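Given next are the chains, with one letter for each unit.
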Amino acid sequence: MSHTVHTPVLLNEVITFLNPLPGEIFLDGTFGGGGHSKAIYEKLGATGKLLCLDMNPGAVNLCSHLFSTKNVACIESNFKEIEDVLKRFHLKGLDGLLLDLGLSSDELENSGRGFSFQKDEPLLMTMSDKLTPLKELLSYLNEEEIANVIFYYGEERYSRRIAKNIFEAIKRGEMNTTHELTQAVLKALPANAKSGRINGATKTFMAFRI
């Protein structure tokens, strides 16, 4: 992940609403590219405390690079574990909490974790190395189960054809990268489904991300 801080949409509006004040304790449960955390930290000042959580180790590394102060803690954790994090730091509560849910364009394009078909990357689609990667999850599913995921979560009309190609590629040991997944999808589509404005692999990738 790059050390460039991502600038979130509506950053000023979010900071105005949160209104961090000097000396307060805040937690950013989805650090991501660091844009919100940086702006919050600037408001908290030297007497404040900021806890930054992210499941992605790359985001945690970015956090550690940006903040070399005891006032900021960079933690590899899911925001659902906030209560445990507070206990770890002997905190009874927070003055402010931010959760920016969803995937950012930065995570899609620069994570190196296979969220997008635009780059050839390992087929992980996870925020954390502690979670089972997609390439392994797919090996546990049969052809019908793969088709159902693509159809129900991606609303892909050619889900059965795509699932057949993916299942055969898995048996050949050829489902380890985004390029291999993309090729399996595109080979299953008729010519008219590959010539539109939207890439033919879009719906399948969306289904697997979900």
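Residues numbered from 1 in each chain as written. Predicted model: local features only at pLDDT ≥ 70, side-chain atom pairs only at ≥ 80, totals over all residues. Heavy atoms only, no water.

1. So, unusual backbone geometry
Item 1. Its identity as a non-glycine residue notwithstanding, N19 has a phi of 50 degrees, on the positive side.
Item 2. Looking at the element boundaries, N19 is found in the loop between α1 (11-18) and β1 (25-28). (Helix = DSSP H or I, 4+ residues; strand = E, 2+ residues; numbered from the N terminus.)

2. So, the state of the cysteines
Item 1. The final tally for this structure, using the stated rule, is one disulfide.
Item 2. Across the disulfide from C63 sits C74; the S-S distance is 2.0 Å. What sets the handedness of the C63 and C74 disulfide is the S-S torsion sign, and at about -70 degrees it is left-handed. Note that C63 is positioned in helix α3 (residues 57-66) and C74 in strand β3 (residues 72-76), a separation of 11 residues in sequence.
Item 3. The thiol of C52 is not disulfide-bonded; the next cysteine sulfur, from C63, is found 4.0 Å away. (Disulfide = S-S within 2.5 Å.)

3. Let's talk about the nonpolar core
Item 1. The biggest cluster of nonpolar side chains holds 23 residues, and the ones touching the most others in it are M125, L138, I162, I166, M175, L181 and F208.
Item 2. Counting only elements with at least two residues in this core, the list comes to α6 (134-140), α7 (143-154), α8 (159-171), α9 (178-188) and α10 (202-209).
Item 3. In this structure, I162 is in contact with I150, E156, V185, A188, L189 and T204, ignoring residues within four places of it in sequence.
Item 4. Grouped together as the second largest cluster of nonpolar side chains are 16 residues, L11, F31, L50 and L98 included. (Core = buried A, V, L, I, M, F, W, Y, C linked by side-chain atoms within 4.5 Å. Buried < 20%, exposed > 50% of the residue type's maximum accessible area, 1.4 Å probe, protein only. Contact = heavy atoms within 4.5 Å.)

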